[in-house]
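Residue-level structural notes
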Amino acid sequence: MAFQGKKLINNPDDVVTEFIEGLVETYPGLQYLDGFPEVKVVIRADASGATYDKVAVISGGGSGHEPAHAGFVGEGMLTASICGDVFASPSVDSILAGIRAVTGPMGCLLIVMNYTGDRLNFGLAAEQARSEGYKIEMVIVGDDCALPPLLGIAGRRGLAGTIFVNKIAGAAAAAGLSLADVAAEAKRASQMVGTMGVALSVCTLPGQVTSDRLGPGKMELGLGIHGEPGAAVADLQPVDVVVSHVLKQILSSETNYVPITRGNRVVLMINGLGATPVMELMIAAGKTVPKLQLEFGLAVERVYTGSFMTSLDMAGFSISIMKADQTLLQRLDAPTKAPHWPVGSAGNRPPAKIPVPLPPSRSTKSEESLSRPLQLSEQGRILEAAIEAAVNAVIVMRDSLNDWDSKVGDGDCGSTMYSGATAILDDMKKYYPLNDAAETVNEIGSSVRRAMGGTSGVLYNIFSKAAYARLKANSDSTVTAKQWAEAFEAAIDAVSKYGGASAGYRTLLDALIPALSVLKERLTAGDDSSTAFVLSSEAALAGAESTKDMQAQAGRSSYVSAAILATVPDPGAMAAAAWYRAAALAVKAKYEKASS
């Protein structure tokens, strides 16, 4: 069913003049001729016909294709753009006004898209200008590759490839070439480019209803940029299929639309039609380049992706391919102040992808430092025992943790912790440098990141990395109890900072924060380190049990009623208390064995 199109406009009859007013307010290098509404001409503010000493390059046509052509007015590109009403050729008087405004002794090149109205009106204006003494040349661009060749006198339509011709002619003119040479370069460029597009929707003209010509699940191939039907209607296909079809059509040796053969250098334009997200245009570009390289054997020298010649609010894109040589590339790369010409990358393109950097612990350290030491120091033996006890405590709690979590969360706390614990256990046997406490803690974080999912995985990775950073700051190879406490405190602070929780939020911190408090208190009081560790682990257990009395303020538990929460402790806190308690008892046992 047709319906009134939604537009952010005022009077539909004023859209072009109001567009021009906004354009020149946005870009101070542009002006317009004071002839609204009949004369709608955008010119360079620095180009006056009386004094302009370069060839003037003028293009234009019906509006609705913005930024074409007014957005390409600027030094190094167009000198003026003649704007018709929406999808309507500009009047002869408007074209003449533009010629008179910017054309100096070097003359003027008119670049005209191949539509009957444009050819006639620009042609008549050119004849009139010649009769007034102006030197005028005209190049007609017909880059459409969707329609069969030799279709009557109409010929191929002008599409987005015209933007390439505008840039090349503008650069040639800026370089000081004569009118004949500028026209020759423009004509040659027009013969080297082919374009074809695909539309997913029909555009809506200001003040008119939206057409329902193109039904759901359908697309038009070989679109018309003025709302006219495309060459064919087909079922919507993945962009890979669409790109392949379009490239085969443009580069067909049977139709010979463009003189491009295997081994040639080309430039590529992926042009959005007005309502196509940048994401989709980039996907199309990413699929087009390798196809041109691998399937057609072409060297892609430049890629321009964006919206250059639109069709109001049409969804879809067109592909333009132009045969390139060094002169043409220099013209495309030449500087311009045209506001909508994209910055193209010049020179050799770097590889599109490079390897993912490995973390320093896996890439820059020697094989020796990434393997388990042949001989463990006393610190290494204690650390190994503590890690092994901690992860085993978590492993045996898997079912209990899942059961608690099924009541207050999503039921996978035990499985998540189990994955992390088993990864730590396996990795420790292979490459934990246990004699280096800081690097071992860092490797624990790497194991957790690799194997442990969910929020718990991220939090424990943060915990490990923060502890590592504090331990790494110590120059001594042996870590004191005070330094372990400082690393523990740094880890807790980091989890609180990035996770947003603190004491009383019903999280793992409700086990770890009381443990830290007691650990610091007992070490300050002079207790030996293993005793302080065990006493602080009792505080961790008590803190975890106390979560039954807390209202959750973080995680999925925050959505659970207080009545349910009161029946079970927080699974994350219980897991933290369990591994902390097991590690403390293992350290205590090691110290007692060493002293006996």
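Residues numbered from 1 in each chain as written. Predicted model: local features only at pLDDT ≥ 70, side-chain atom pairs only at ≥ 80, totals over all residues. Heavy atoms only, no water.

When helices and strands are tallied, the protein chain shows 19 helices and 14 strands. Computed over its C-alpha atoms, the radius of gyration of the protein chain comes to 36 Å, more than 25% above the 25 Å expected for a compact globule of 596 residues. In terms of overall dimensions, the protein chain has C-alpha extents of about 115 × 55 × 50 Å along its principal axes. When burial is assessed residue by residue, the protein chain has 50% of its 596 residues classed as buried. Contacts spanning at least 24 positions in sequence make up 74% of the contacts within the protein chain whose residues lie at least 6 apart. Of the roughly 26700 Å² of accessible surface on the protein chain, 55% is carried by carbon and sulfur atoms. In the protein chain, 51 positive and 61 negative side-chain charges are present, and the distance between their average locations comes to 6 Å. (Helix = DSSP H or I, 4+ residues; strand = E, 2+ residues; numbered from the N terminus. Rg over C-alpha atoms; globule rule 2.2 N^0.38 Å. Buried < 20%, exposed > 50% of the residue type's maximum accessible area, 1.4 Å probe, protein only. Contact = heavy atoms within 4.5 Å. Areas by Shrake-Rupley, 256 points an atom, 1.4 Å probe, with all protein chains shown as cover. Lys, Arg positive; Asp, Glu negative; His and termini not counted. Charge placed at Lys NZ, Arg CZ, Asp CG, Glu CD.)

Here we come to the UniProt feature "active site" (unreviewed entry) in the protein chain. Per the UniProt entry, the sites bearing "active site" (unreviewed entry) are H226 in this numbering. Locating H226 in the fold gives a position in the loop between β10 (218-221) and β11 (232-235). By relative accessible area, which is 22% here, H226 ends up partly exposed. (UniProt positions renumbered as here; feature names shortened; annotations may be inferred.)

What follows covers the nonpolar core. Counting residues in hydrophobic clusters, the biggest one holds 64 residues, and the most contacted among them are F488 and W579. Among the elements that make up this core, the one with the highest residue count is helix α19 (residues 571-595) (11 residues). Residues within four places of F488 in sequence aside, it is in contact with F463, L512, A515, L516, L519 and Y580. One finds A160, V182, L312 and L329 within the second-largest nonpolar core, a separate group that totals 60 residues. (Core = buried A, V, L, I, M, F, W, Y, C linked by side-chain atoms within 4.5 Å.)

This part is about the packing of helix α16 (residues 509-525) against helix α17 (residues 529-545). Two elements in contact, α16 and α17, have axes whose closest approach is 7 Å; the angle formed by their N-to-C orientations is 150°. Taken together, the axes of α16 and α17 are roughly antiparallel relative to one another. For the element pair α16 and α17, the recorded crossing hand is right-handed. Residues D510, A511, P514, A515, V518, L519, R522 and L523 of α16 form the contact with α17, whose participating residues are S529, A532, F533, L535, S536, A539, A540, G543 and A544. Looking at the contact of α16 with α17 residue by residue, the class counts come to 12 nonpolar, 3 polar and 2 charged. (Axes fitted to C-alpha atoms, helices over the stretch in contact; angles between N-to-C directions. Parallel < 35°, antiparallel > 145°, perpendicular 65-115°, else oblique. Left-handed = near helix turned anticlockwise from the far one by under 90°. Nonpolar A, V, L, I, M, F, W, Y, C, P; charged D, E, K, R; others polar.)

Residues F36 and P37 are joined by a peptide bond in cis, for which omega reads -5°. Mapped onto the elements of the fold, P37 is located in the loop between β2 (30-32) and β3 (41-44). Here the amide bond leading from A68 into H69 is cis, since omega sits at -5°, within 30 degrees of zero. If you trace the backbone, H69 turns up in the loop between β4 (56-63) and β5 (80-86).

A few words now on a negative patch on the surface. The grouping of D13, D14, E18, E21 and E25 at the surface amounts to a negative patch. Inspection of the secondary structure assignment puts E21 in helix α1 (residues 15-26). For E21, a relative accessible area of 34% corresponds to the partly exposed category. (Patch = residues over 30% accessible without salt bridge, like charges linked within 9 Å, V, L, I, M, F, W, Y side chains within 5 Å. Salt bridge = Lys/Arg side-chain N within 4 Å of Asp/Glu carboxyl O.)

Quick look at the state of the cysteines now. For the structure on display, the rule yields 0 disulfides. Cysteine C108 is unpaired, with the sulfur of C83 as its nearest cysteine sulfur at 15 Å. (Disulfide = S-S within 2.5 Å.)

Examined at the domain level, the protein chain breaks down into domain 1 (29-203 + 219-333) and domain 2 (378-595). For domain 1 and domain 2, the distance between their C-alpha centroids amounts to 64 Å. (Domains from an automatic or database assignment.)

In this structure the tally under the stated criterion is 11 aromatic pairs. An angle of 0° between the planes, with centres 4.5 Å apart, marks the rings of Y32 and F36 as stacked. Look at Y32 and you get partly exposed, because its relative accessible area is 30%. Taken together, the aromatic side chains of Y460, F463, F488, F533, W579 and Y580 make up a single cluster linked through ring pairs. (Phe/Tyr/Trp six-rings, centres within 6.5 Å; stacked < 30°, edge-to-face > 60°.)

The next point concerns the pattern of salt bridges. Tallied over the entire structure, the rule returns 23 salt bridges. Put simply, D313 and K7 hold a salt bridge, and the shortest N to O gap is 3.2 Å. With a gap of 306 residues between them, D313 in the loop between β13 (299-306) and β14 (316-324) and K7 in the loop between β1 (3-4) and α1 connect regions that are remote in the sequence. Notably, a salt bridge pairs E545 with K548, separated by 4.0 Å at the nearest N-O pair.

With that settled, the discussion passes to the sheet that holds β14. In a beta sheet, neighbouring strands pair by backbone hydrogen bonds and run either parallel or antiparallel. Overall, mixed pairing links the 6 strands, which are arranged β11-β10-β8-β14-β12-β13 in an open sheet. A single partner strand is all that each edge strand has here, and the edge strands are β11 and β13. Averaged over neighbouring strand pairs, the angle between their axes works out to 20° when direction is ignored. Where β10 and β11 come together, 4 bridges link them in antiparallel fashion. (Pairing = 2+ DSSP bridges.)

The next point concerns the environment of K472. Looking at the element boundaries, K472 is found in helix α14 (residues 454-472). Considered as a pair, K472 and M219 are 253 residues apart in the sequence and their alpha carbons are 60 Å apart. Discounting residues that sit within four places of it in the chain, K472 has contacts with A438 and E439.

Another aspect to go through is the sheet that holds β3. Taken together, the 6 strands give an open sheet; going across it, the order is β2-β3-β5-β4-β6-β7, and neighbouring strands pair in mixed fashion. Here the strands that pair on one side only, and so sit at the sheet edges, are β2 and β7 (136-141). Averaged over all pairs of adjacent strands, the angle between their axes in this sheet comes to 25°, without regard to strand direction. As paired elements, β2 and β3 share 3 bridges and run antiparallel to each other. Pairing of Y32 across the sheet is with V42, part of β3. Strands in contact with helix α4 (residues 161-174) are β4, β6 (108-113) and β7; relative to β6, the strand with the most contacts, it is inclined by about 175°.

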